[in-house]
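Each chain, written out:
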Amino acid sequence: MIETAHIHTDLKFIQLSSNFSGDVFNNHLIGISSTEISIDHDVVYYNAMDSKTEFNSMIKFLQKMELVVIYGLSEIMVKIIQLIPSEIKIAWRFFGYELYKLLPAYCYTPLTVEAGYLKTNMKLRNFLKSIKYNPVSILKKLLLKVNKDSDFKKSIKRIDYFICLCKEEYSFLAKNFSYMPRFIEAPVRKAPIHYERIESHKNHDLFGFGKKNDRQKIIVGHSRNAFNNHLDIINVLKRKTVINKYSFEFLFSYGSNGPYAEKVRCEVNNMTNAHLYEDFLSYENFAKFYNDAAAFVMNGHRQMAMGSIFMSLIKGVKIYLNPLNPVIEWLLSENFIINTISDFENDFNCVNFQLSLNDAIHNRNNFIKFQKKYTIHDFQIIMRDRVVNG
């Protein structure tokens, strides 16, 4: 078995390590945290961000590994990568923010940029003030920023494998970052809840279709993150005549609470048929949340909210994505029925926010088939061959 360490800074995503479970990898789960969190996994915790002793102890342990898998490329991960011997393979499970944050002109709409202006303006004023009163200090800060950017780029060059969901996203990123590691496709994990195929229209009640009220909930976005570009969707809702029976539910439970989030919060709170959900949902409650949803609207220009997209496919929810999102090409190539943000605007005219029963059954059955197309076993064989044979 291949001795493998999995390093997490966000324990919400610890379940991704299970893609390595089985008889190929001997897995060691590491959580970088000042406190231990009660979860259903055996995790060794290191307070590596606050304690140099614990950081060095973790590095010493990692030097015994054959493979190190990092989940997200945060600042602490960059430091870790620099200290891992070259003979040890490193795989990066890509989350998205790490590289997309370097493409703000692509990812953010003008409304999003404008909403975040206050934060940017405050930073600029503080910057100018520091130059006036302490030019030596600001020079040191600039040099530190240059060094951090250099270390970030070096760490990516040191990484052997880049794990993400689809080749389409990897190709998009490779056009913008010439130093990308080798691509390995991540498997789409099976949901903790088992979902059966729907074999005929007799089972349409699994979707709740055909009832008098139909579905009246439209889910917008998946977090407070500015990558969601919520304000453009809010503008659509302001311009269009919204049928009273529909409610627009904004998932808003995590992400920065800066000026952008405050702007979105203010706008939504001033709408009569919109609500913010600021409490983080367990998987069970997250799944239930989609049971009576007509549509899911995501205006991000980058890969994000894949859990929401997959849940929508399972639950017969109509999906609206921005055509600039690299994963829309992938989903369409896999024969899923996906709509665009322009379709969302047009659907106000005919009040068509729900999939037909045929399309809902198609997406669900296609997703179940899709999960079996490239399995965790397939992924592990590829990873094993890469680690063993280079």
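Quick note: structure is the one above.
Residues numbered from 1 in each chain as written. Predicted model: local features only at pLDDT ≥ 70, side-chain atom pairs only at ≥ 80, totals over all residues. Heavy atoms only, no water.

Enquirer: Account for the packing of helix α9 (residues 230–239) against helix α14 (residues 341–350), naming residues and giving values.
Expert: One way to put it is that α9 packs onto α14 with a least axis distance of 10 Å and a crossing angle of 15°. As far as their axial angle goes, α14 and α9 are roughly parallel. As α9 packs across α14, the resulting crossing turns out to be right-handed. Between α9 and α14, the residues in contact are I233, V236, L237 and R239 and I341, F344, E345 and F348, respectively. Class assignment for the residues of the contact of α9 with α14 results in six nonpolar, no polar and two charged. (Axes fitted to C-alpha atoms, helices over the stretch in contact; angles between N-to-C directions. Helix = DSSP H or I, 4+ residues; strand = E, 2+ residues; numbered from the N terminus. Parallel < 35°, antiparallel > 145°, perpendicular 65-115°, else oblique. Left-handed = near helix turned anticlockwise from the far one by under 90°. Contact = heavy atoms within 4.5 Å. Nonpolar A, V, L, I, M, F, W, Y, C, P; charged D, E, K, R; others polar.)

Enquirer: How would you summarise the pairing of strand β7 (residues 182–185) if you had to cite specific residues and measurements?
Expert: Direction of pairing for strand β6 (residues 161–164) relative to β7: parallel, over a ladder of four bridges. Within the sheet, the bridge partner assigned to Y161 lies in β7 and is R182. Of the crossover connections in this fold, the one passing from β6 over helix α8 (residues 167–176) to the parallel β7 is right-handed. (Pairing = 2+ DSSP bridges. Right-handed = clockwise from strand over helix to strand, strands pointing away.)

Enquirer: I'd like a rundown of α8, residues and numbers included.
Expert: Among all positions of α8, only E169, Y170, F172 and L173 are buried. Taken around the axis of α8, the buried residues stretch over an arc of 160°, which confines them to a single face. Check the buried side of α8 and you find it contacts α3 (97–100), α4 (104–107), β6 and β7. (Buried < 20%, exposed > 50% of the residue type's maximum accessible area, 1.4 Å probe, protein only. Arc of directions from axis to C-beta.)

Enquirer: Kindly report on the packing of α9 against helix α10 (residues 259–269), identifying the contributing residues and their values.
Expert: Each pair of packed helices can be summarised by the angle the axes make with each other and by the distance between the axes. In the contact formed by α9 and α10, the axes pass within 10 Å of each other and the chain directions differ by 20°. In terms of orientation, α9 lies roughly parallel with respect to α10. Seen from above, α9 lies across α10 with left-handed handedness. In this structure, α9 uses H230, L231, I234 and K238 to contact α10, whose residues at the interface are Y260, K263, V264, E267 and V268. Here the contact of α9 with α10 is composed, by residue class, of five nonpolar, one polar and three charged.

Enquirer: Tell me what's going on with the nonpolar core, and back it up with residues and numbers.
Expert: With 90 residues, the main nonpolar core has L73, I80, L99, W330 and M383 as its most contacted residues. Sorting elements by how many residues they give to this core places helix α12 (residues 306–315) first, with six residues. What L99 contacts, discounting residues up to four positions off in sequence, is W92, F94, F152, I156, F162, L173, F177 and M180. One finds A226, I234, Y246 and A261 within the second-largest nonpolar core, a separate group that totals 27 residues. (Core = buried A, V, L, I, M, F, W, Y, C linked by side-chain atoms within 4.5 Å.)

Enquirer: Quick one: what's the story with the sheet that holds β6, residue by residue and with numbers?
Expert: If you trace the seven strands from one edge of the open sheet to the other, you get β3-β2-β1-β4-β5-β6-β7, paired in parallel fashion. Only two strands of the sheet have a single partner each, and these edge strands are β3 (43–46) and β7. Strand-to-strand twist across the sheet, computed as the mean angle between neighbouring axes with direction ignored, equals 25°. Of the strand pairs in this sheet, strand β5 (residues 89–93) and β6 are connected by three bridges, and their pairing is parallel.

Enquirer: Residue-level account of the sheet that holds strand β8 (residues 217–220), with values.
Expert: Read from one edge to the other, the open sheet built from six strands follows the order β10-β9-β8-β11-β12-β13, with strand pairing classed as parallel. Two strands in the sheet have a free side with no partner beyond their single neighbour: β10 (274–277) and β13 (339–340). Bridge count between strand β11 (residues 293–298) and strand β12 (residues 318–321): four bridges; the pairing is parallel. For A295, the partnering residue across the bridge sits in β12 and is K318. Across the sheet, α9 is in contact with β8, β9 (247–251) and β11; its angle to β9 comes to roughly 170°. Contacts from α12 reach β11 and β12 within the one sheet, and its direction differs from that of β12 by about 150°.

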